[in-house]
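Structural overview for review
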Amino acid sequence: MINILITGAKGFVGKNLCVSLKNIRDGFDKTRPNIQINDIYEYDVDSDPASLDEYCKNADFVFKSNAFIIFLRWYCSVGRLIKSLSQISG
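Below you will find a few notes about this structure. On a predicted model such as this, the values are computed, not experimentally measured, just so you know. In this convention, every chain numbers its residues from 1, walking through the sequence in written order. A pLDDT threshold of at least 70 governs which residues receive local features in this predicted model, and a stricter bar of 80 or more applies before side-chain atom pairs are shown or counted, although totals over entire chains, interfaces and linings include all residues. The basis for every side-chain value is the complete set of non-hydrogen atoms in the structure, without hydrogens or water.

Some remarks on the packing of aromatic side chains
Classification of ring pairs uses Phe, Tyr and Trp, with its six-membered ring standing for Trp, and accepts pairs whose centres are within 6.5 Å; under 30 degrees between planes counts as stacked, over 60 as edge-to-face, and the remaining range as tilted. A complete count under the given rule lists 1 aromatic pair for this structure. Seen in terms of ring centroids, Y41 and Y55 are 4.9 Å apart; in terms of plane orientation they differ by 25 degrees. Their pairing is stacked. Taken together, the residues span a long stretch of sequence, with Y41 in strand 2 (residues 37-43) and Y55 in helix 2 (residues 49-58) at a distance of 14 residues. A run of H or I in DSSP becomes a helix once it reaches four residues, and a run of E becomes a strand once it reaches two; helices and strands are each numbered from the N terminus.

Written as structure tokens, this is what we have:
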């Protein structure tokens, strides 16, 4: 049985992927009988960051939604910019 982490789980792709995987896990979608899903971890920008560590430890597969990656890149860029500005002004 596989554990899956989905980042960007509240976006369009992530939300629909979660629904599809839950249907497979719960036996409603019988088109993929060889896929055995145990847990589906849903993570998004408003999720508790501490839960991401636990999800990563338990996940066998990670699906990264593009919108979430774009947000992380933006967030990290802003963080580097603020750090650089504080070093210049400090």
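Section: the pairing of strand 1 (residues 2-7)
Throughout this description, buried means an accessible area under 20% of the type-specific maximum (1.4 Å probe, protein chains only), exposed means over 50%, and partly exposed covers the range between. Most of strand 1 sits out of view: 5 of its 6 residues are buried. We call a crossover right-handed when, viewed with both strands directed away from the observer, the connection leading from the first strand over the helix to the second proceeds clockwise. Viewed along the sheet, the connection from strand 1 through helix 1 (residues 12-25) into strand 2 turns out right-handed. DSSP calls a pair of strands paired once it identifies at least 2 bridges connecting them. Looking at chain direction, strand 1 and strand 3 (residues 61-64) are connected through 4 bridges and run parallel. Among the inter-strand pairings, T7 is bridged to a residue of strand 3, identified as K64.

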